[in-house]
Amino acid sequence: MTFAEEAKLLKEEVDPVVAELRAALIRTQKQLSKTKERTDELVEATIQACKDATLALGPIPKIEAPVLGKSKKKAEVALWHLTDWQGSKVTQSYNSDVMRKRVMDFVHKAAKITEIQRQDHPVNDVVICFGGDMVEGLFNYPAQLWEIDATLYDQYTIVSRLIFDVVRQALAIYKNVTVVAEWGNHGRIGSKRDHVPKSDNFDRMCYELARQLLASDDSVNKRLTWDPLHGTEDIQRIEIGNYRALLMHGDE
């Protein structure tokens, strides 16, 4: 029933008490509707702002499909495990720039190992496991604010872009890419006393932004599988042929 129909019904209401209650209900419904509209607009604006900030970190070249051999030997599946980046953490030997360099070094070495293996047999697919604590966070201990080089917003955009770049590089190496993503305790929102659900987590937000950025490229949608359950459980299941594994973070 629309608000106009409700108002018409209200005018026809005989009992003044019922009429007053119905009027209060209509007011509440209107307020809830306006609040939902504002919330939806805020969420949409936040996601768009983060996408824009992520894209501002640098141009995104088109993802080219890899050229694969035609060997008939039994194929293997590559497995990448990347975890605990602690994005924006600062120590004497670590910061956001070092994080990016080390992660991309991993990708280049994985590509080299894949090339070596392909001299003997096909390696067309890869499963990428993100193990959590991708961001350093801000709510884990009192002095944490003084041990980071980026705010939560910047951690969100920087780490999301790096996750995106890792998967994009994998798509240029392998025909098919599967992503399994777990969240960690450093992505927690608020202190433990705030009782925010553990699954409301900045790691999950980074994964989702990276996934959305990749989804905008129609050329990779058929080659990329992103586990739709990522983060909804605190332990992720991995299946590669007859191989079975559980992906979990250290705080579990």
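Thresholds applied
Residues numbered from 1 in each chain as written. Predicted model: local features only at pLDDT ≥ 70, side-chain atom pairs only at ≥ 80, totals over all residues. Heavy atoms only, no water. Helix = DSSP H or I, 4+ residues; strand = E, 2+ residues; numbered from the N terminus. Contact = heavy atoms within 4.5 Å. Phe/Tyr/Trp six-rings, centres within 6.5 Å; stacked < 30°, edge-to-face > 60°. Buried < 20%, exposed > 50% of the residue type's maximum accessible area, 1.4 Å probe, protein only. Core = buried A, V, L, I, M, F, W, Y, C linked by side-chain atoms within 4.5 Å. Salt bridge = Lys/Arg side-chain N within 4 Å of Asp/Glu carboxyl O. Pairing = 2+ DSSP bridges. Axes fitted to C-alpha atoms, helices over the stretch in contact; angles between N-to-C directions. Polar contact = N/O pair within 3.5 Å; in protein donor to acceptor, adjacent residues only side chain to side chain. Right-handed = clockwise from strand over helix to strand, strands pointing away. Parallel < 35°, antiparallel > 145°, perpendicular 65-115°, else oblique. Left-handed = near helix turned anticlockwise from the far one by under 90°. Nonpolar A, V, L, I, M, F, W, Y, C, P; charged D, E, K, R; others polar.

(A) Representation of the environment of Y94 in the model. Mapped onto the secondary structure, Y94 falls in the loop between β1 (77–82) and α3 (96–118). Those residues in contact with Y94 that sit more than four places away from it in its chain are W85, Q86, K89, M99 and R102.

(B) Inspection of the packing of aromatic side chains at higher detail. Within the structure shown, the criterion is met by four aromatic pairs. Note on W80 and F106: the rings are 5.9 Å apart at their centroids and 85° apart in plane angle, and the pair reads as edge-to-face. Taken together, the residues span a long stretch of sequence, with W80 in strand β1 and F106 in helix α3 at a distance of 26 residues. Ring centres of W80 and Y174 lie 5.8 Å apart, and the angle between their planes is 75°; on these two criteria the pair is classed as edge-to-face. Residue W80 is located in strand β1, and its partner Y174 is located in the loop between α4 (152–173) and β3 (176–181); the two are separated by 94 residues in the primary sequence. Judged on exposure class, the residue W80 and its partner Y174 are both buried.

(C) Expanded view of the nonpolar core. Counting 43 residues, the largest nonpolar core has W80, W85, I128, F130, V167, V177 and W226 as its most contacted members. Of all the secondary structure elements, the ones that give two or more residues to this core are β1, α3, β2 (125–130), α4, β3, α5 (202–215) and β4 (224–226). Per-element tally for this core: the top contributor is α4, with eleven residues. Residues within four places of F130 in sequence aside, it is in contact with L82, W85, I163, V166, V167, V179, V180, A181, E182, Y207 and L247.

(D) Quick peek at the pattern of salt bridges. All told, the structure shown has nine salt bridges when counted by the stated rule. With a shortest N-O distance of 2.7 Å, R100 and D165 are connected by a salt bridge. Taken together, the residues span a long stretch of sequence, with R100 in helix α3 and D165 in helix α4 at a distance of 65 residues. With a relative accessible area of 3%, D165 lands in the buried category. Between E239 and R244 there is a salt bridge, with the nearest N and O atoms lying 4.0 Å from each other. Its relative accessible area of 59% is what places E239 among the exposed residues. In this structure, a network of salt bridges that share partners links the residues R100, R161, D165 and R168.

(E) Molecular detail of the sheet that holds β2. Ordered in space as β1-β2-β3-β4, the four strands form an open sheet in which the pairing is parallel. Two strands close off the open sheet at either side, each with one partner strand: β1 and β4. Neighbouring strand axes in the sheet, compared pairwise and without regard to direction, differ in orientation by 15° on average.

(F) Looking closely at the side chain of N201. Here N201 lies in the loop between β3 and α5. There is a polar contact of 2.8 Å between the side chain of N201 and the backbone nitrogen of D203. Aside from chain neighbours lying at most four places away, what touches N201 is W183, G184, G187, R188 and I189.

(G) Local environment of the pairing of β2. Most of β2 is tucked away: five of the six residues are buried. Note: β1 against β2, six bridges, orientation parallel. Each bridged residue has a counterpart across the sheet, and for H81 the counterpart in β2 is C129. A crossover links β1 with its parallel partner β2, the connecting element being α3, and its sense is right-handed. Here β2 runs beside β3; their pairing, made up of six bridges, is parallel. Bridge pairing in β3 links F130 to A181.

(H) Geometry of the packing of α3 against α4. Remark: α3 packs on α4, axes separated minimally by 11 Å, with the N-to-C direction vectors making an angle of 15°. Comparing the axis directions of α3 and α4 gives the class roughly parallel. For the element pair α3 and α4, the recorded crossing hand is right-handed. On the side of α3, the interface is formed by M99, R100, V103, M104, V107, A111, T114 and R118, while α4 contributes I158, V159, L162, D165, V166, Q169 and I173. Across the contact of α3 with α4, the residue classes tally to ten nonpolar, two polar and three charged.

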